[in-house]
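Coordinates in review
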Amino acid sequence: MEKKKLTIKEIGLPRLLLMLGAGIVLLMLSFPDSRSGENTAGDGTDSAPAVSGGENGAAWPDDESATDAAGALEQRLEELLKKVSGIGDVQVMITLKSSAETVVLKDSPYTSEITDESDSEGGHRTVTQIEQGEETILANDNDPYVIKRIEPEVQGVVVIAEGAGDLRIISEIVEAVEVLFEVPAHKVKVMKMGN
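Residues numbered from 1 in each chain as written. Predicted model: local features only at pLDDT ≥ 70, side-chain atom pairs only at ≥ 80, totals over all residues. Heavy atoms only, no water.

1. Quick look at the overall build of the protein chain
A tally of helices and strands in the protein chain yields five helices and ten strands. Out of the 195 residues in the protein chain, the part that is buried amounts to 25%. Partitioning the intrachain contacts of the protein chain with sequence separation of at least 6 by distance along the chain shows that 67% fall at a separation of at least 24. Carbon and sulfur atoms make up 53% of the accessible area of the protein chain, which totals about 13,300 Å². (Helix = DSSP H or I, 4+ residues; strand = E, 2+ residues; numbered from the N terminus. Buried < 20%, exposed > 50% of the residue type's maximum accessible area, 1.4 Å probe, protein only. Contact = heavy atoms within 4.5 Å. Areas by Shrake-Rupley, 256 points an atom, 1.4 Å probe, with all protein chains shown as cover.)

Next up, the structure:
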């Protein structure tokens, strides 16, 4: 069995980029304290929040349900709008497209072995063996290492306000919702509160 040296052309650009990416990830993982400037004391806590659920997915649903997230957003918006002159008492309902998701770091180990075989009768054969997998990278406390959190997207907002009889107040409420939640004006409904 004779081993042959590989050239860059034989390896191919996609494989070369994959190996380069894996090397960069391994290099980054070898310096865990450099990712979090706060956690150098070694107190056992990690800056990444824990997530639950999902076995192999890159994005895991958060413990917080869409209903809880919408409720928290509604309460914050109500408190904010009540402070504006002329709006008065306010009730808000927000619908979300989905719940929050947390994206965890994944490692995709890739190994390739190419064997070039020749026999005494002049026969020649090349054997290529490729193995690829996917593993979740764990933080210090065996929770997945969190890359980012994807906040839920607001689908629509209904605001019922005492001062909604005034067009200026309606306009201010719609503009505030557009700015806060990046929701187009046609997905915001403002109505006057009855007795």
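2. Remarks on helix α5 (residues 167-181)
In this model α5 runs 21 Å from its N-terminal to its C-terminal C-alpha over 15 residues, within 8% of the 21 Å that 1.5 Å per residue would give. Among the residues making up α5, those that are buried are Ile-169, Ile-173, Val-174, Val-177 and Phe-181. Seen along its axis, α5 keeps its buried residues to an arc of 135°; they face one direction. What points out from α5, more than 90 degrees from its buried face, is the exposed set Leu-167 and Val-179. Directly after α5, the chain includes Glu-182, whose backbone phi takes a positive value near 50°. (Expected span 1.5 Å × (residues − 1). Arc of directions from axis to C-beta.)

3. Some words on the sheet that holds strand β9 (residues 154-161)
If you walk across this open sheet you meet the three strands as β2-β9-β10, and the pairing is mixed. If you trace the sheet from one side to the other, it starts and ends with β2 (90-96) and β10 (188-192), each paired once. Strand-to-strand twist of the sheet, defined as the mean angle between neighbouring strand axes without regard to direction, takes the value 10°. When β2 meets β9, the two strands line up antiparallel, connected through seven bridges. Along β9, the bridge assignment pairs Leu-96 with Val-154. Each of β2, β9 and β10 is contacted by α5, which is oriented at about 150° to β9, the strand it contacts most. (Pairing = 2+ DSSP bridges. Axes fitted to C-alpha atoms, helices over the stretch in contact; angles between N-to-C directions.)

4. Observations regarding the nonpolar core
Ranked by internal contacts, the top residues of the largest apolar core, which has 22 residues, are Val-157 and Val-159. At the level of secondary structure, the elements contributing two or more residues to this core comprise α4 (66-82), β2, β9, α5 and β10. It is α5 that provides the largest number of residues to this core, a total of five residues. Excluding residues within four positions of it along the chain, Val-159 makes contact with Leu-81, Val-90, Gln-91, Val-92, Ile-173, Val-177, Lys-189, Val-190 and Met-191. (Core = buried A, V, L, I, M, F, W, Y, C linked by side-chain atoms within 4.5 Å.)

5. Concerning the pattern of salt bridges
With the rule as written, the count across this model stands at five salt bridges. A salt bridge links Glu-172 to Arg-168; the shortest N-O distance between them is 2.9 Å. Of this pair, Glu-172 and Arg-168 both sit in helix α5, four residues apart, which is roughly one turn of that helix. Glu-172 gets classed as partly exposed once you look at its relative accessible area, which sits at 32%. (Salt bridge = Lys/Arg side-chain N within 4 Å of Asp/Glu carboxyl O.)

6. Description of the side chain of Glu-74
Locating Glu-74 in the fold gives a position in helix α4. Buried charge without a partner: Glu-74 forms no salt bridge, and the closest opposite charge is Lys-82, 12 Å away. Other than its neighbours up to four places away in sequence, Glu-74 contacts Val-92, Met-93 and Ile-94. (Lys, Arg positive; Asp, Glu negative; His and termini not counted.)

7. Details of the side chain of Glu-78
On the secondary structure map, Glu-78 appears in helix α4. For Glu-78, which is buried and forms no salt bridge, the nearest opposite charge comes from Lys-82, at a distance of 4.8 Å. Once residues lying within four places of it in the same chain are set aside, the contact partners of Glu-78 are Val-90, Gln-91 and Val-92.

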